[in-house]
Structures are given as C-alpha cells and as structure tokens.
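One letter stands for each residue in the lines below.
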Amino acid sequence: MPVYYECVRRALPAYTISMIDDIYGRAVAYERLLLPFSNGNGVSDIIASLKTISEDGGFEIKNLMRGHDTLPAPKLRTIIDHDLFHRAPGRIAPADVIEFS
C-alpha cells in the first residue's frame, strides 16, 4: 500500500519490481505500473498494469502471491517524475493540446 499512497500523494506514476518464487521455486519478477488519474480535485482513480515474468520461461501462476511465509522482495520502487532535469530535446511541451482523430 505505501506505493499506492505515494502515487496519490505525488499524483505521478509509480513503477515497482518485486521478486517471488512460484511453488516450484522458480524466481518470478512481478512488475507493477500505477497510473494516477484526476477529476480536477486530486487523484480520483488509479489504473494498475501488472505483469509477471520469469527468466526460466514458464512458471506456475496459481497461488503465486499467496501461500508464502514471506512477502515479495522489492527490487525497484520508483516514482516517474516528468520534471527531470535531463529532458530530451524535441519533447511536447506540458501544456500543449494533442488531438486524435
């Protein structure tokens, strides 16, 4: 929950990777991207994109996040900040309107 709270507090996307073992002991990376949305008065909704990946190829997804005595081990937790100082040139300005037809 702390990552969700930070996503709401900063109103910025959050990305995490955690490691967990499946029931056969294969390492599985659990990636989560949280995207905050606003109705104009702070964050009103969060959409989460979740992905599981294993270097071994296949893994058992059944009970992957349950049945363990330990929580998934965090490897990376970051907030995606749009005000980074090393902006690449040629990007769209933050206030520009983009129209799709």
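Refer to the preceding data block for the structure.
**Student:** Could you give an account of the overall build of the chain, with specific residues and numbers?
**Tutor:** When its secondary structure is counted, the chain shows one helix and four strands. Starting at the N terminus, the α and β elements of the chain follow one another as α-β-β-β-β. Looking at the chain as a whole, 17% of its 101 residues are labelled buried. Summed over its atoms, the accessible surface of the chain is roughly 8,100 Å², and 55% of this surface lies on carbon and sulfur atoms.

**Student:** An account of the sheet that holds strand 3 (residues 43–53) is requested, with residue identities and associated values reported.
**Tutor:** Pairing is antiparallel in the open sheet, where four strands are placed in the order 3-2-1-4. On the outer flanks of this sheet lie strand 3 and strand 4 (73–79), each paired with one strand and no other. Within the sheet, the average angular offset between the axes of one strand and its neighbour, ignoring direction, is 15°. As defined by bridge partners, strand 1 (residues 14–21) adjoins strand 4 across six bridges and the pair is classed as antiparallel. Of the residues in strand 4, the one forming a bridge with Ser18 is Pro74.

**Student:** Could you give an account of the pattern of salt bridges, with specific residues and numbers?
**Tutor:** Using the criterion set out here, one finds three salt bridges in the structure. The residue Glu6 makes a salt bridge to Arg9 at a minimum N-O spacing of 2.7 Å. Of this pair, Glu6 and Arg9 both sit in helix 1 (residues 2–10), three residues apart, which is roughly one turn of the helix. Owing to a relative accessible area of 59%, Arg9 belongs among the exposed residues under this scheme. Of the charged contacts in the structure, one is a salt bridge between Arg26 and Asp22, with a shortest N-O distance of 2.9 Å. Under the relative-accessibility criterion, Arg26 is labelled partly exposed at 28%. Among the residues examined, Asp22 registers a relative accessible area of 3% and is labelled buried. Shared partners join several salt bridges into a network, and the residues in it are Glu6, Arg9 and Arg10.

**Student:** With reference to specific residues and values, describe the pairing of strand 3.
**Tutor:** Taken together, the ten bridges between strand 2 (residues 27–38) and strand 3 define a ladder with antiparallel strand orientation. By the bridge assignment for strand 3, Tyr30 is matched with Thr52. With antiparallel pairing between neighbouring strands as the criterion, strand 2 and strand 3 make up a hairpin whose turn holds four residues, including Gly40 at a positive phi of roughly 105°.

**Student:** I'd like a description of the layout of surface pockets, backed by residues and values.
**Tutor:** A volume near 230 Å³ is recorded for the largest pocket. Along its surface, the largest pocket is lined by Val3, Thr16, Ile17, Ser18, Tyr30, Arg32, Met65, Leu71, Pro72, Pro74, Leu76 and Arg77. Its residues assigned to classes, the lining of the largest pocket comprises eight nonpolar, two polar and two charged.

**Student:** Residue-level account of the pairing of strand 1, with values.
**Tutor:** As judged from the eight bridges shared by strand 1 and strand 2, these two strands associate in the antiparallel manner. Note on strand 2: the bridge partner recorded for Ile20 is Val28. The antiparallel hairpin formed by strand 1 and strand 2 contains five residues in its connecting segment, where Gly25 sits at a positive phi of about 85°.

Conventions and cut-offs
- Residues numbered from 1 in each chain as written.
- Predicted model: local features only at pLDDT ≥ 70, side-chain atom pairs only at ≥ 80, totals over all residues.
- Heavy atoms only, no water.
- Helix = DSSP H or I, 4+ residues; strand = E, 2+ residues; numbered from the N terminus.
- Buried < 20%, exposed > 50% of the residue type's maximum accessible area, 1.4 Å probe, protein only.
- Areas by Shrake-Rupley, 256 points an atom, 1.4 Å probe, with all protein chains shown as cover.
- Pairing = 2+ DSSP bridges.
- Axes fitted to C-alpha atoms, helices over the stretch in contact; angles between N-to-C directions.
- Salt bridge = Lys/Arg side-chain N within 4 Å of Asp/Glu carboxyl O.
- 1 Å grid on protein atoms, 1.4 Å probe; cavity = no way out; pocket = protein on both sides within 12 Å on 5 of 7 lines; lining within 4 Å.
- Points joined across faces, edges and corners; volume = space filled by probe spheres on them.
- Nonpolar A, V, L, I, M, F, W, Y, C, P; charged D, E, K, R; others polar.

Function-wise, these values are silent; they only describe arrangement.
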